[in-house]
Amino acid sequence: MIAAKTRPRLHLVITGHVDHGKSTIIGRLLSETGCLPQGKLERIRAYCERNAKPFEYAFLLDALKDEQAQGITIESSRVHFMTAKRDYVIIDAPGHIEFLRNMVTGASQASAALLVIDAKEGMRENSRRHGYILSLLGIRRPAVLINKMDLIGYDEGEFRRVAKDCNSFLKRVGVHPDHVIPVCGLHGDNLAQTSTRMRWYRGPTVLSALDGFAPEASAADQPFRMPVQDVYKFTAEGDTRRIIVGTVESGSLSAGDEVVFSPSGKSSGVRALEDFPRPRRGRVGPGAAAAFTLADQVYVKRGELVSRRDEKSPRVGTRFEASLFWLGREPLKPAKDYVLKIGSARVAARLEKILQVVDASSLAARRGAKSVTCNEAADCLLRTSQAVAFDLTGENVAMGRFVLVDGFEISGGGVIRKALPDAVSWVREKVLRRNLKWQKSFIAQEMRAQRYRQKPALVLITGPRDSKRKEVAKALEAALFDAGRHVYYLGLGSALYGVAADIRDGDNHREDIRRFAEMAHIILDSGLILIVSAAELTQEDFSIIKTAIDEDRIETVWVGRKGVRQAVAAIQERLRARGFLTNRSQG
Ligand code: GTP
Ligand code: MG
């Protein structure tokens, strides 16, 4: 187990038109590298004999997939094999158009690729689309396998014709294969062994081409990136440590490194890398599952991206320019909600603008399109509902890729080419800087929460000008205070006439709101429940407040003209339900 962890590993996607021989080639590779489970080959051969079917290496793969599929939820099938040099994970992307969907997610974890082409059929529609997607995902040096050489009599001239056709298409999309290898999946020619039937071919076998792929070392040389999959709490009394868990996408981390979480901008030092039950020595690198504890307690959650403070930070924002491939039955269009997944983050997203649409097979481009239909590629602007952390595709392969979900289905995928400013970029910059400079005290948030029996919250009470929002806010403060809670009421105006006096005379409402949000942030950090009344806040006001304060610490209440007592009771109930007020009987 330990040895397997430290061996280098390469993720490889195998692509190509339907029936061009992908499964056969994988089956052969598994068998010839001795990576099949014991007796598997014999069992399948016996099964084929009993059922008077010719044996197919492709069956082998299907049988393995069925076994592997149990208990793991993955969007496309993965097969593992190893050579003396390293471990491989092959992602089998089936050839049918309907299955193209799998390929976007399959390929989104891969850093190398094989493109399989039937020697007799040559380049087909999906060979081209797959080539296009590889280019889009930044896999620019696949190996091309011209398969079924037996069907063209192992002929060099025929091979050259298909190879040339393939190369000229790939060149147009910026893909430059390292090798074009004539193979026969059926008989195993040029897979693990050099074929004696094609002496005219002087290049490597598939296995040696694989071992020659630049390893994911490029990922090791990039800045550290680890999407947070989970945060576990220690259960022991008084132990406020948390374990941050995820898979390293690039770079490396070791104990003592300073880390930054994005988009929140919170930071801490790595106390220890964990490898239960013992702390782990050394560094963790790309592909490794990592778990670590922090030197001081910061509140972070799944979806954030961990980077190192001494390296280039990821970008944080809500708008970017992307190139994507669309596979949805419904076209991709503006004013519709999608979910964007990048790293471990999932956020609501919308198509803001289409720059151009490209037919992935003919490469014809079209401007002025109103939507992107199935099997089309597009350059477009996307906008997310909350800030996400990402890299540009040229900077970091894994963190520059995303998928788009329409309803419950993954319907598209692509890469981020350019970050664009949004309405609150100016606030975010200040918040990130504030978080980086923030001095942490010896009193962890959780210690305050235990002592005060509450979690800090901002209760924003808004309503029309003639509503009873101030009465409700004051009555709520009194009720919570009477119940022994640590609570403070602040009218928005009370804060601003003092703290923002320098800008009050001018007209800088946005800065007013930002300063208020920063004050609220400090008060919340001290463990209090802060109740604020404010007349109608605009969408932009909310965006500014949410940029400065964790959204899950904000409870927004809209007060109409109904009874104050009712409103207070309802808010208290809501605070209890959201876990802000904890039980007074304990301790
Ligand atoms: P999908 O998963 O359906 O996209 O197909 P695939 O690309 O995985 O192809 P698969 O390996 O299932 O092979 C398709 C057919 O081609 C099978 O009947 C194979 O036996 C046959 N085949 C694969 N490789 C060769 C080869 O080198 N020569 C010949 N003659 N047939 C082959
Ligand atoms: Mg197959």
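Scroll up to find the structure.
Considering the site of ligand 1
Near ligand 1 you find 17 residues, and of these Lys22, Ser23, Thr24, Glu56 and Asp150 are the closest. Separating an oxygen atom of ligand 1 from a backbone N or O atom of Gly21 is a distance of 2.9 Å. Lys148 has a polar side-chain atom sitting 3.1 Å from an oxygen atom of ligand 1. Surface burial for ligand 1 is 81%, taken as the share of its 650 Å² of free accessible area covered by protein chains. In terms of residue count, helix 2 (residues 22-32) provides more of the shell around ligand 1 than any other element does, 3 residues in total. Here the residues of the shell around ligand 1 are counted per class, giving 5 nonpolar, 7 polar and 5 charged.

So, the pattern of salt bridges
According to the stated counting rule, one finds 35 salt bridges in the structure shown. With a closest N to O distance of 3.4 Å, Arg129 and Glu125 form a salt bridge. On the criterion of helical spacing, the pair formed by Arg129 and Glu125 is a turn pair, its members being 4 residues apart in helix 6 (residues 125-136). By relative accessible area, which is 8% here, Arg129 ends up buried.

Comments concerning the packing of aromatic side chains
All told, the structure shown has 6 aromatic pairs when counted by the stated rule. Their ring planes at 45 degrees and their centres at 5.3 Å tell us that Phe159 and Trp200 sit as a pair that is tilted. Here Trp200 lies in the loop between strand 6 (179-182) and helix 8 (206-212) and Phe159 lies in helix 7 (residues 156-172), a separation of 41 residues in the sequence. Residue classification places Phe159 among the buried residues on the basis of a relative accessible area of 3%. Centroid distance Phe320 to Phe402: 6.0 Å. Interplanar angle 50 degrees. Geometry classified as tilted. Taken together, the residues span a long stretch of sequence, with Phe320 in strand 16 (residues 315-326) and Phe402 in strand 21 (residues 401-406) at a distance of 82 residues. Cation over ring: Arg45 sits above Phe55, and NZ or CZ is 4.4 Å from the ring centre.

Calculation criteria
- All residue numbers refer to positions counted from 1 along the written sequence of the respective chain.
- The lettering of chains begins at A and the numbering of ligands begins at 1, in the order of writing.
- For a predicted model such as this one, the threshold for reporting local features is a pLDDT of at least 70, and the threshold for listing and counting side-chain atom pairs is 80 or more; totals across whole chains, interfaces and linings nevertheless cover every residue.
- Each side-chain value is worked out from all heavy atoms of the structure, with water and hydrogens disregarded.
- Whether a residue is near a molecule or strand depends on its heavy atoms: it is near if one of them lies within 4 Å of it.
- Pairing of N or O atoms within 3.5 Å defines a polar contact, subject to two protein rules: one partner must be a possible hydrogen donor and the other a possible acceptor, and residues neighboring in sequence count only if both atoms are side-chain atoms.
- Only the protein chains shown count as cover for residues, and the accessible areas themselves come from Shrake-Rupley with a 1.4 Å probe.
- For helices the rule is a DSSP run of H or I covering at least 4 residues; for strands it is a run of E covering at least 2, with both sets numbered from the N terminus onward.
- Under this grouping Gly is polar, as are all residues other than the nonpolar Ala, Val, Leu, Ile, Met, Phe, Trp, Tyr, Cys and Pro and the charged Asp, Glu, Lys and Arg.
- Whenever Lys or Arg places a side-chain nitrogen within 4 Å of a carboxyl oxygen from Asp or Glu, that contact is recorded as a salt bridge.
- The cut-offs for exposure are 20% and 50% of the maximum accessible area for each residue type, with area from a 1.4 Å probe on protein chains only; residues under the lower value are buried, those over the upper are exposed, and the others partly exposed.
- Think of it this way: a Phe, Tyr or Trp ring, Trp meaning its six-membered ring, pairs with another when their centres are within 6.5 Å, and the plane angle makes it stacked under 30 degrees, edge-to-face over 60, tilted otherwise.
- Whether a charge sits over a ring depends on NZ of Lys or CZ of Arg being within 6 Å of the ring centre and within 35 degrees of the ring normal.

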